[in-house]
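Coordinate analysis (summary)
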Amino acid sequence: MIFNGTEEQEKEYLQQVIDIINDTINSTDKSVKEHVDTLQEYKDYLWSNKDIDPHEIRSMRESILNHFARGENVIDKRNRLSKILDIPYFGRIDFKENKSDSKNIPIYIGIHTFFDIKSKRNLIYDWRAPISGMFYDYESDEATYSSPSGEVHGKISLKRQYRIRKGKMEYMIESSVTVHDDILQKELCSNADDKMRNIVTTIQREQNRIIRNEDTPVLIIQGVAGSGKTSIALHRIAYLLYAQKGKIASRDILIISPNKVFADYISNVLPELGETTVPETSMEQILSTVLNNKYKYQDFFGQVSELLEKPVPDFIERIQYKASFEFVSRLDKFILHMENHYFKATNVKIAKYITIPAEFIGEQFKRFHRYPIRQRFETMTDYILEMMKIQYNLTVTTAEKNLLRKEIKNMFSGNNDLQIYKDFFEWAGKPEMFKMRKNRMLEYADMAPLAYLHLALDGNKTQTHIRHLLIDEMQDYSPIQYKVIQKLYPCRKTILGDASQSVNPYGSSTAAMIQKVFITGEIMKLCKSYRSTFEITCLAQKIQTNKELEPIMRHGEQPEILQFKNTEEETTGIANLISDFRNSGYTSLGIICKTETLAKALAQKLQVHTDNISLLSSQSSAYTKGVVVTSAHMAKGLEFDEVIIPQADNKNYHSTIDRNMLYVAVTRAMHKITLTYSGIQNQFIG
Ligand SMILES: Nc1ncnc2c1ncn2[C@@H]1O[C@H](COP(=O)(O)OP(=O)(O)OP(=O)(O)O)[C@@H](O)[C@H]1O
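Residues numbered from 1 in each chain as written. Predicted model: local features only at pLDDT ≥ 70, side-chain atom pairs only at ≥ 80, totals over all residues. Heavy atoms only, no water.

Going by the annotation in an unreviewed UniProt entry, the name recorded for the protein chain is Superfamily I DNA and RNA helicases, with Bacteroides faecis given as the source organism.

In the neighbourhood of the ligand, 22 residues make up the surrounding shell, with Thr202, Gln207, Lys229, Ser231 and Glu639 lying closest. Contacts to the ligand include Gln207, whose side-chain N or O atom sits 2.8 Å from a nitrogen atom. Contact between the ligand and Lys229: an oxygen atom at 2.7 Å from a side-chain N or O atom of the residue. Look at the ligand: alone it shows 640 Å² of surface, and the protein chains cover 96% of it. Going through the elements one at a time, α4 (179–189) and α6 (229–243) are the ones with two or more residues in the shell around the ligand. For the shell around the ligand, the element with the most residues is α6, which contributes three residues. Its residues assigned to classes, the shell around the ligand comprises eight nonpolar, ten polar and four charged. (Near = heavy atom within 4 Å. Polar contact = N/O pair within 3.5 Å; in protein donor to acceptor, adjacent residues only side chain to side chain. Areas by Shrake-Rupley, 256 points an atom, 1.4 Å probe, with all protein chains shown as cover. Helix = DSSP H or I, 4+ residues; strand = E, 2+ residues; numbered from the N terminus. Nonpolar A, V, L, I, M, F, W, Y, C, P; charged D, E, K, R; others polar.)

This next bit is on the confidence of the model for the protein chain. Counting all residues, the mean pLDDT for the protein chain is 90, and 98% of those residues have values of 70 or more. Reported confidence for the predicted complex is 0.99 by ipTM and 0.90 by pTM. (pLDDT = per-residue confidence, 0-100.)

Sheet architecture is open: six strands sit in the order β20-β25-β24-β21-β23-β22, paired in parallel fashion. A strand with exactly one partner marks an edge of an open sheet, and here the two such strands are β20 (560–564) and β22 (613–616). The average undirected angle you get between the axes of adjacent strands in this sheet is 25 degrees. By the bridge criterion, four bridges tie β22 to strand β23 (residues 626–631) in an arrangement that is parallel. What sits directly across from Leu615, in β23, is Val629. (Pairing = 2+ DSSP bridges. Axes fitted to C-alpha atoms, helices over the stretch in contact; angles between N-to-C directions.)

Here we take up the pattern of salt bridges. Taken as a whole and judged by the stated rule, the model has 31 salt bridges. Between Arg374 and Asp458 there is a salt bridge whose closest N-O contact spans 2.7 Å. Residue Arg374 is found in helix α14 (residues 373–392), and its partner Asp458 is found in helix α17 (residues 444–458); the two are separated by 84 residues along the sequence. As a salt-bridge pair, Lys525 and Glu548 come within 2.8 Å of each other at their nearest N and O atoms. (Salt bridge = Lys/Arg side-chain N within 4 Å of Asp/Glu carboxyl O.)

Written as structure tokens, this is what we have:
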């Protein structure tokens, strides 16, 4: 007989589980109170007894710390239990091991494990537990999972999925191959949120493989638009925190994300999965920190805007040159060249009668060739003075030592990063490839090579406290940027992106290029696209065909392409679409323009027609629901129930980068899309 065979029995069982969780919460409350009381007793004792001997103080200190830690653990447990009260579990598999004496065991799967002390049974298994992996990997029949003691083979006789909200079961679905799809379809049909949500109930098999991959040191995920890359990467982090508990904590992980809005958008997933959020940074921040925040520079957003608004061939050429592997290898050769030609040893007169010969200093420069050049000066000084002490029994003063170090440093003509960077272009025979902008501002593409040179000369400031690095939107970073990352973060990595969504087509990287930098890297692909309806995906495919993309069979409205007589009428048309949106059941509308300048101008015009419109710009730090006007660059990584793409004419979108922007904009839509234009219809949409 099946345990909890009917829906009625399942509902009763759910209530029983909730009651047990509530009892446990009550007993943890008692335990918290006991810890607080004990700590108060210690405090009172310390206050009222002034003459306690040091031994007693030490032992009390230990007891207090002990109580404190145990109290914190109990509070932590209580918080976890309160969180699972709403949705204790979402799935179940009945599994019987291939052993004669084994029984069919129902495994209820939820966000966290719940062990009932009274019955000494796991009532709920964490979705990340090895046994839970079978829920995602198998439908029914033969199944296997890896336990710490080896592979366990058996049979799944039942698989169920539940939708439980606020402790009440809304529905339950008995599994067959298609059922998994039904729940997935329901999830995908729901409205977008202002924060990315977890997908733990409907993780797909190919996604689960990525989440649970612990073997690969550098995992490179190439996934088509809407394939769940970002979601999967965050679930993977949650999985690693569970599987490697005690070895890795949230603070040991770092996310490199494209901007603050995106970081805010994804910030909810880990807390929803019961983990704390992990630190986040950007490529610009990393590069600028390496260079001690010394330079003013054009940021990535500035580079993309310039490429879209006034693309000058020279500028494109400079970006392309610095994004090549040839450039990286030239830089490496130049570093070698500096080693051989930038240090010119001279005699140094140190004490009244002693001169250190140039030849001897030159020899020491070579002796310490394993040190980065700028780290050598101190070591060379110490070594030379040590030799003098042995040979001449001469001890020098601190001032003399400082003088020697200074003289040695001055023998090296590569102490100024910017100067040697300029020298490099002269040496490479390409002085035109470096251009300083107005107000001594560096171009974005110069930041990484400059940081690379700096690290080569000063030594790596390796961030050993970071144990796992996650890089999203991998396609937007160039090989030299990855080289810098490799030097700074020798840890394990998850790198994800989509080559078709580059907003940096002249400096982008494919998964294969990234693998060339990280030779231990393994590429895994996600080809199924979940975000958009079939009709929206077909439109995106028209703009940029990706043969690997497999659309999800979820149907919706046909995309609309609306022509207007002029821009004024187009604005009125968009205002009408906004009012339609407000009467629909959708909650988010993204009006995605090609550039931020266009977005600002349109937002202003629209405000005459309607209020409650927000502009999402490169200066924004959070994504809000409702009607949002933004640029394709800012919209990257986000999603909206409905998308409007204004000015989708041939003039606005004609180059390769324009095409990429249009593709990014279209792929943001989940359920509905409208393109508007006046003038000539865009060639990319046919
Ligand atoms: N297994 C799944 N179950 C439910 N929803 C899913 C699943 N996989 C992906 N999704 C949904 O698909 C959408 C896209 O996910 P996500 O943003 O992670 O994809 P992405 O590949 O990073 O997208 P892009 O590169 O286009 O920004 C989200 O709404 C996500 O919830």
